[in-house]
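Understanding the architecture of this molecule
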Amino acid sequence: MKARGFVVIVVLLVCSAANADWHTAKKRCIFPYFQNGGNCVTIMVFVNSSEETADTLYIRFEEAHPPVPQKTWTFQLAPRDMFVASTSPGIGEWLGVVSSWGYVMWRGEEGDSLRGICAIYNFASGSGFIVPSYDQDHGF
Amino acid sequence: MRVVAFVAGAMLLLYSFAHADWYSAKTHGVFPYWQTGGVWLTIMVFVNCSDETSDTVYVRMLDSGGGGPGGFPLPPTVVEIAPGEMRVFSTSPSVPLWIPVMSGYGYTLFAIEHGSPVAAFSACVSLSPEGPGYVVPAYNLDEGF
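Residues numbered from 1 in each chain as written. Chains lettered and ligands numbered in written order. Predicted model: local features only at pLDDT ≥ 70, side-chain atom pairs only at ≥ 80, totals over all residues. Heavy atoms only, no water.

Some points on the overall build of chain B
Quick reminder of the rule: Only runs of H or I of at least four residues qualify as helices and only runs of E of at least two qualify as strands under DSSP, and these elements are numbered from the N terminus. Three exposure classes are used, based on accessible area relative to the maximum for each residue type with a 1.4 Å probe and protein chains only: buried under 20%, partly exposed in between, and exposed over 50%. Residue burial considers only the protein chains on display, and all accessible areas are found by Shrake-Rupley using a 1.4 Å probe.
Along chain B, the regular secondary structure elements total one helix and nine strands. Its helices and strands in sequence order give chain B the pattern α-β-β-β-β-β-β-β-β-β, from N to C terminus. The buried share of chain B, reckoned over its 145 residues, is 46%. Roughly 7,800 Å² of accessible area belongs to chain B as shown, and the carbon and sulfur atoms make up 68% of that amount.

As structure tokens, this is what we get:
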């Protein structure tokens, strides 16, 4: 009987882990992106501010008008881990996107430990913008 | 009697919709603008972060000299914003939707009709080859910083 209960619990845990996805994520944030396939890129930096627990990061690009969701990328961030992604090959994890501008939805599976910020940077001029994330649930 | 009550209810609903405007909007925000009529312009971006509900965005430019005619902000530009949609405005005809403004600098007031979670920020950018600029997240007008 105990063995059966253990198996049931394990199966439930595996099921819940398998169903953890974009829609179940607890932290939901947004920032803009811009890229032209040349000098202008968007660099995204995420930090797991927890010192104890890992978390799962989901990133999704949305073209602006009308909103067209792209594929969802999933990454694991260890405690205190920093993860860098960009719209250009050669800078962190390259997340290929076709549209020039739009916005990035990103989510943290477990809760509040992930932090995100983006830099829209022009290599030709050496200038750009830093844009903090908005909380998707509260707006401005 | 029921018919009268129904008609009265319907009229009240219609009245409230007809009077949904800048003043009845639930949330208000603000960010600055800067434009030179040439190289510099301000781009204003709004994203409806709701996955389900549409909302209405009101945008009013207020110049540094105290506003438009009579010292009031310019009349609001009104747009519907669908779930997940991004809406863009600017002070230049080269970036639609163009909101013409006379003053070189001032600030932008905006309101969200039903208070949906709308992300908003402005980018004051130069169209020169160097292309410098600034991105300014919106402040909540009801709470300040």
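Notes on the overall build of chain A
Regarding its fold elements, chain A presents one helix and 10 strands. As displayed, chain A offers around 7,500 Å² of accessible surface, 60% of which is attributable to carbon and sulfur atoms.

As for the sheet that holds strand 2 (residues 40-48) of chain B
Residue and element names in this part refer to chain B. Rules: In short, DSSP must find at least two bridges between two strands for them to pair. For helices, the fitted axis covers only the stretch in contact; all axes are lines through C-alpha atoms, and the angles between them, taken along N-to-C directions, range from 0 to 180 degrees.
Taking strand neighbours across the sheet as the criterion, the four strands line up as 5-2-7-8 in an open arrangement whose pairing is antiparallel. Single-partner strands in this sheet number two, and they are strand 5 (86-90) and strand 8 (133-137). Strand after strand, the sheet turns through a mean of 20° between neighbouring axes, direction not considered. When strand 7 (residues 118-126) meets strand 8, the two strands line up antiparallel, connected through five bridges. The residue of strand 8 that forms the bridge with Ala123 is Val135.

Quick word on the confidence of the model for chain A
Residue and element names in this part refer to chain A. This is how the line gets drawn: A residue's pLDDT is the confidence the predictor assigns to it, expressed on a 0 to 100 scale. By definition, residues are in contact when any of their heavy atoms lie within 4.5 Å.
Averaged over every residue, the pLDDT of chain A is 85; the share at 70 or more is 81%. Looking across chain A, the model is least confident in helix 1 (residues 2-18), with a mean pLDDT of 52, and most confident in strand 5 (residues 82-86), with 97. This model gives residues 11-18 a pLDDT under 50, and the stretch forms zero contacts once residues within four places in sequence are excluded.

Observations concerning the side chain of Ser92 of chain B
Within the element layout of this structure, Ser92 of chain B appears in the loop between strand 5 and strand 6 (105-112). Not counting residues within four places of it along the chain, the set of residues in contact with Ser92 of chain B comprises Leu41 and Trp98 of chain B.

Notes on the nonpolar core
Short version of the rule: Each nonpolar core is a collection of buried residues, namely Ala, Val, Leu, Ile, Met, Phe, Trp, Tyr and Cys, held together in the definition by side-chain atoms within 4.5 Å.
Of all hydrophobic cores here, the largest spans 59 residues; its most connected members are Met44, Phe46, Leu57, Ile59 and Phe61 of chain A together with Phe46 and Phe110 of chain B. Every residue in contact with Phe110 of chain B, bar those within four places of it in the chain, is listed here: Phe140 of chain A together with Trp22, Thr27, His28, Gly29, Val30, Phe31, Phe46, Tyr58, Val59, Ala120 and Ala138 of chain B. One finds Trp22, Ala25, Val30 and Ala111 of chain B within the second-largest nonpolar core, a separate group that totals six residues.

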